[in-house]
Amino acid sequence: MRRRVVIVGMDGLTFDSAGPLMRAGFMPSLARAMESGASGVLLSTTPPCTAPAWVSFATGCNPGKHGCFDFLVPHGPSGRFRTVSSHDIRTQTFYEIVAASGRKVVLVNLPVSYPPRLAGPENVVITSLMTKGEQAVFPAEMLDRLPILRRYRIYPDPDIAANGTDAEYIRDIRALERIRFECARALYQALDWD
């Protein structure tokens, strides 16, 4: 029987906040996953920021070794900055190692995964923060194979963020997370992944 690995990471979520919510019944799926799987606390990076922390997770290296220290990196001689991308990662990621060993990888919403470092139709990447342009699903053919992926969104609706109420914005974030989950479930069920 082939064994599969699913890794679920939640940026900024601590067991101090998630534990009481799970015990109160607010996060039953996460509670079941933790009961049947393995979990642990990851220490953050220095600096404790999303981009370098997730790259550290993906590489097993600290920012000094993988090269990503923030969402922005200096660019050009005039002190300008550009957003960090997967091109800035100076070391190999665990998912590249897994793919190089012949295993099939699916990444969903992993920060600093754009542009994808995985090639081939057997590996699927839905990028996250710092995606340039409209395409977030790679390879693009996956949009035809699993049309639900066309509904995937990286960001909440900026119009609601700017002009809506807090309640509307929260509803939009919840809708965004629901569709992300539905897309991940569709990938999980339809693909032969490792």
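Look above for the structure.
In short, a report on the structure. Since this is a predicted model, take the numbers as computed values, not measurements.

Here is what the cut-offs are and how they apply
- Residues numbered from 1 in each chain as written.
- Predicted model: local features only at pLDDT ≥ 70, side-chain atom pairs only at ≥ 80, totals over all residues.
- Heavy atoms only, no water.
- Helix = DSSP H or I, 4+ residues; strand = E, 2+ residues; numbered from the N terminus.
- Rg over C-alpha atoms; globule rule 2.2 N^0.38 Å.
- Core = buried A, V, L, I, M, F, W, Y, C linked by side-chain atoms within 4.5 Å.
- Buried < 20%, exposed > 50% of the residue type's maximum accessible area, 1.4 Å probe, protein only.
- Contact = heavy atoms within 4.5 Å.
- Pairing = 2+ DSSP bridges.
- Patch = residues over 30% accessible without salt bridge, like charges linked within 9 Å, V, L, I, M, F, W, Y side chains within 5 Å.
- Areas by Shrake-Rupley, 256 points an atom, 1.4 Å probe, with all protein chains shown as cover.
- Salt bridge = Lys/Arg side-chain N within 4 Å of Asp/Glu carboxyl O.
- 1 Å grid on protein atoms, 1.4 Å probe; cavity = no way out; pocket = protein on both sides within 12 Å on 5 of 7 lines; lining within 4 Å.
- Points joined across faces, edges and corners; volume = space filled by probe spheres on them.
- Nonpolar A, V, L, I, M, F, W, Y, C, P; charged D, E, K, R; others polar.

Observations regarding the overall build of the chain
At step 1: Each helix and strand in the chain was counted, giving eight helices and five strands.
At step 2: When the helices and strands of the chain are listed from N to C terminus, the series reads α-α-α-α-β-β-α-β-β-β-α-α-α.
At step 3: For the chain, the C-alpha radius of gyration of 18 Å lies close to 16 Å, the compact-globule estimate for 194 residues.
At step 4: With respect to the three principal axes, the spread of C-alpha positions in the chain is 55 × 50 × 40 Å.

Quick word on the nonpolar core
At step 1: Ranked by internal contacts, the top residues of the largest apolar core, which has 15 residues, are Ile126, Val137, Met142, Leu149, Leu187 and Leu191.
At step 2: The biggest single contributor to this core is helix 8 (residues 166-190), with three residues.
At step 3: The residues contacting Val137, other than those within four sequence positions of it, are Val125, Ile126, Met142, Leu143 and Leu149.
At step 4: Within the second largest apolar cluster, nine residues are counted, among which are Trp54, Ala58, Val105 and Leu118.

What about the pairing of strand 1 (residues 72-75)?
At step 1: Alignment of strand 1 against strand 2 (residues 80-83), held across four bridges, turns out to be antiparallel. Considered in strand 2, the bridge of Val73 is made with Arg82.

Considering a nonpolar patch on the surface
At step 1: Judged by side-chain polarity, Val6, Val8, Met10, Leu13 and Tyr188 come together as a nonpolar surface patch covering roughly 480 Å² of accessible area.
At step 2: Along the chain, Val6 turns up in the segment before helix 1 (15-23).

Some words on helix 3 (residues 50-59)
At step 1: Taking burial as the measure, the 10 residues of helix 3 include eight buried ones, the bulk of the element.
At step 2: Residues Thr50, Ala51, Pro52, Trp54, Val55, Ser56, Ala58 and Thr59 constitute the buried set of helix 3.
At step 3: Among the structural elements, helix 4 (63-66) and helix 5 (94-100) are those in contact with the buried residues of helix 3.
At step 4: Positive phi shows up at Gly60, right after helix 3, with a value of about 75 degrees.

Topic: the layout of surface pockets
At step 1: Space inside the second largest pocket adds up to approximately 300 Å³.
At step 2: Surrounding the second largest pocket, 13 residues form its lining, Glu134, Ala136, Tyr152, Arg153 and Ile154 being those nearest its centre.
At step 3: The residue inventory of the lining of the second largest pocket, partitioned by class, reads seven nonpolar, three polar and three charged.

A closer look at the pattern of salt bridges
At step 1: Enumeration over the complete set of coordinates arrives at eight salt bridges.
At step 2: A salt bridge links Lys104 to Asp192, with the shortest nitrogen-to-oxygen separation between them at 3.1 Å. Here the residue Lys104 occupies a position in the loop between helix 5 and strand 3 (106-108), and Asp192 occupies one in the segment after helix 8, the gap between them amounting to 88 residues.
At step 3: Looking at Asp192, the relative accessible area reads 39%, which means it is partly exposed.
At step 4: Among the charged side chains, a network of salt bridges with common partners joins Arg4, Lys104 and Asp192.

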